[in-house]
Amino acid sequence: MAQLLQIHEPGQTPAPHETDSPVAVGIDLGTTNSVVAVAEDGAINVVRDENDKALVPSVVAYAADGSAIVGELARRLLLDRPEMVVSSIKRLMGRGLEDVKSLAGTLPYDVEPASDSGSGMVRLAVAGYTRTPVEVSAEILKALKERVEDHLGSSVDRAVVTVPAYFDDAARSATKDAARLAGLEVLRLVNEPTAAALAYGLDEGAEGIYAVYDLGGGTFDISLLRMEKGVFQVLATGGDAALGGDDFDNAIAEFFLADRRARFGDEHLNSSDAKVALMSARLAKECLTKQKTGEWSIEANDKTSLHVLNRTRLEKLIAPYVDRTIKLCRDALADAGVTTEDINGVVLVGGSTRVPLVRRRVSELFGREPLADINPDEVVAVGAALQAKALTVGSDMLLLDVTPLSLGLETMGGIVDKIVPRNTPIPVARAQEFTTYHDGQTAISIHVLQGEREMVDQCRSLAHFELHGIPPMVAGAARIRVTFAVDADGLLTVSAREHSTGKEQHVEVKPSYGLSEDEMARMLYDSMQHAGDDMTRRLLAETRVEAKRVINAVEAAMAADGDLLDDQERAAIGKAVGIVESTIAGNDRGAVSAAVEGLEHATKEFAERRMDRGIRRALRGHDVREFDEPTATTGEAGGE
């Protein structure tokens, strides 16, 4: 039956994620601070607290009972109870233990690998518990959600969340997982520089090519965008997901600690003392943005030391990191095929752009003073809120973002064949055909990778899956079409299809350092327990429905093949069914689930006998040799 297209006038596009709540917010989930903004009465408002502060420190303190405190109070606790506090968690989003080891500086918390999961995601040991970066980030998002709900007087469950342009697939997935735990549906993940450009482009009516220099607490991004008549096209993006103001803080802290060791001989400080040193270093950096010199103290091991630092010495300490950002800017210009003379303006984003050395170096590179009309701490959230408004209410604006890293797959010899090159506009779908390597090959292994290097061991592994059912042919005869589809959030789906049979397999890429589905289910259940009685009742109802479905399936199987059971086995299954039925009448969801597991265990052998009977029926009148086929081997697109 033919389907009709629903066509709307420009600016009147209906909400693609329509729910009962018409409000969607923009969230800048930052390394040091986070901000939330919302569209109200035709304007974008940054939501502030009772003290008129927009910034929510991205700091989480945990009490002994596991409850969390987020924001300014948590940041104050860094000095008094540093072992209970987590900061700069964004730097660990989507990272494994080996990635963390490569980060420069000392992390202000103890990190350990997962011991009970194959995800590879690191855990933080804090307040007697272990928590993932996703769980910590979810607490920050919950605090932002509560702030905007208090401001609006109504619930909010949808958001546009910004991420660094150079966040890879693992970090983007981790960010979406954190939002889910916080009770937020992510309408779109928008690159932070792009969000800043949206804010400037719509507020200032900008046209031409603009550079967005985004230096936050833990990440650096540079994006080049062409803005023309409401169309925002990202020409190139670059950066480093482990470069930012935290590195400035680490350099200053090391300077202070070297001075302290020279006087007191403190060779080793624990993670709590390191947090104290980092707090003093951050304060020194902020003060020296406005003043020439100062003195700061570090209290550790029952000793207090005073340390003098001036702006000249500070700039020498941080110069290597600023130089790295300038090199990345030059690389992005080369990728886009433009020069500094082609740039119409430079937008500064992120609190670290307040550092005088940063502003000087940016001005020298681009030959012009950067734009700073909008508060650099708030501009990203403003842009995110504009995008949220466009996705819910409608807009004449068109956003054309790009994928920051190349996506490809493994071919014979451990070589990476890039399917979607970096800086490709998204959303995008790209396909490429592959063939088999061995005669009679009936399966092919697909290994999905991300990165710019040429060999598999130099790139990040994202996923593995297999395509079976390829007709046995001579090597090179089969045609397997592999399609990479990247959505507007920069997240990837890969599919493989064999031409002659139509056999197809696909996978929504869940990166190695994302949470496993079991972990997500557990965390979601934990968060739902605190969402109120309504959610608890809903979960119980869903469990009862599933339990009844299992009972119906067992009864249908016994009616069809009950002769496979003896009286004792029939009685055991009947008893297990009775237990499930009795728990359904109660209010204990765990008891219902346990009873269902007991029923499944009681029927396991029965299910195996039914399968054997089914196979015998299928083979009746045939010779087993009719079903023989060559053994599946690994294909050229992922061979050994």
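The structure displayed is predicted, hence computed values, not measured ones. (Residues numbered from 1 in each chain as written. Predicted model: local features only at pLDDT ≥ 70, side-chain atom pairs only at ≥ 80, totals over all residues. Heavy atoms only, no water.)

Asker: Any chance you could explain the side chain of threonine 353 here in plain terms?
Answerer: Summarising the element assignment, threonine 353 is placed in the loop between strand E18 (345-349) and helix H9 (356-366). Once you skip the residues sitting within four places of it in the chain, threonine 353 turns out to touch Tyr213, Leu215, Leu348, Val358, Arg359 and Pro376. (Helix = DSSP H or I, 4+ residues; strand = E, 2+ residues; numbered from the N terminus. Contact = heavy atoms within 4.5 Å.)

Asker: How do you make sense of the packing of aromatic side chains when you look at a structure like this?
Answerer: The description of an aromatic ring pair uses the distance of the two centres, along with the angle that the planes make with each other. Overall, the coordinates contain three aromatic pairs when judged by the stated rule. A ring pair is formed by phenylalanine 255 and phenylalanine 256, whose centres lie 6.1 Å apart and whose planes are at 50°; its orientation type is tilted. The cationic tip of arginine 131 hangs over the ring face of tyrosine 62; the distance from NZ or CZ to the ring centre is 3.6 Å. (Phe/Tyr/Trp six-rings, centres within 6.5 Å; stacked < 30°, edge-to-face > 60°. Lys NZ or Arg CZ within 6 Å of the ring centre and 35° of its normal.)

Asker: Whenever I open this one, the nonpolar core confuses me. Can you help?
Answerer: Within soluble globular proteins, side chains that are nonpolar tend to cluster in buried spots. The biggest cluster of nonpolar side chains holds 43 residues, and the ones touching the most others in it are Leu309, Ile343 and Phe366. Only strand E13 (208-215), strand E14 (220-228), helix H6 (245-264), helix H7 (271-287), strand E16 (293-300), helix H8 (311-336), E18 and H9 provide two or more residues apiece to this core. With sequence-adjacent residues up to four places away left out, leucine 309 is seen in contact with Ile252, Phe255, Phe256, Ala284, Leu288, Thr293, Gly294, Trp296, Leu314 and Leu317. Listed in part, the 40 residues of the second largest apolar core include Ile27, Leu124, Val134 and Val163. (Core = buried A, V, L, I, M, F, W, Y, C linked by side-chain atoms within 4.5 Å. Buried < 20%, exposed > 50% of the residue type's maximum accessible area, 1.4 Å probe, protein only.)

Asker: In this structure, what is going on with the packing of helix H3 (residues 133-152) against helix H4 (residues 169-181)? I would like to understand it.
Answerer: Two packed helices can be described by the angle between their axes and the distance between those axes. Axis separation between H3 and H4 bottoms out at 8 Å; the angle between their running directions is 55°. Here H4 runs oblique to H3, going by the angle between their axes. Remark: the crossing between H3 and H4 carries right-handed chirality. Each of Val134, Glu135, Ser137, Ala138, Leu141 and Lys142 in H3 lies in contact with H4, whose residues at this interface are Ala174, Asp177, Ala178, Ala179 and Leu181. Taken together, the residues of the contact of H3 with H4 break down into seven nonpolar, one polar and three charged. (Axes fitted to C-alpha atoms, helices over the stretch in contact; angles between N-to-C directions. Parallel < 35°, antiparallel > 145°, perpendicular 65-115°, else oblique. Left-handed = near helix turned anticlockwise from the far one by under 90°. Nonpolar A, V, L, I, M, F, W, Y, C, P; charged D, E, K, R; others polar.)

Asker: Hey, could you run me through the sheet that holds strand E21 (residues 415-420) in this one?
Answerer: Strand pairing within a sheet occurs via backbone hydrogen bonds; the two strands may be parallel or antiparallel. Here four strands make up an open sheet; going across it, the order is E21-E20-E24-E25 and the pairing antiparallel. The open sheet has two free edges, formed respectively by E21 and strand E25 (460-468), since each of these has just one partner strand. Taken over all neighbouring pairs, the strand axes of this sheet differ in orientation by 30° on average, direction set aside. (Pairing = 2+ DSSP bridges.)

Asker: Sorry, what's going on with the sheet that holds strand E7 (residues 85-87) here?
Answerer: Pairing in this open sheet of three strands is antiparallel, and the strands run E6-E5-E7 from one edge to the other. Since the sheet does not close on itself, it has two edges, and those belong to strand E6 (68-70) and E7, each with one partner. Sheet twist, expressed as the average angle between the axes of neighbouring strands with direction ignored, equals 20°. Along the sheet, H3 makes contact with strand E5 (59-62), E6 and E7, crossing E5 at roughly 105°.

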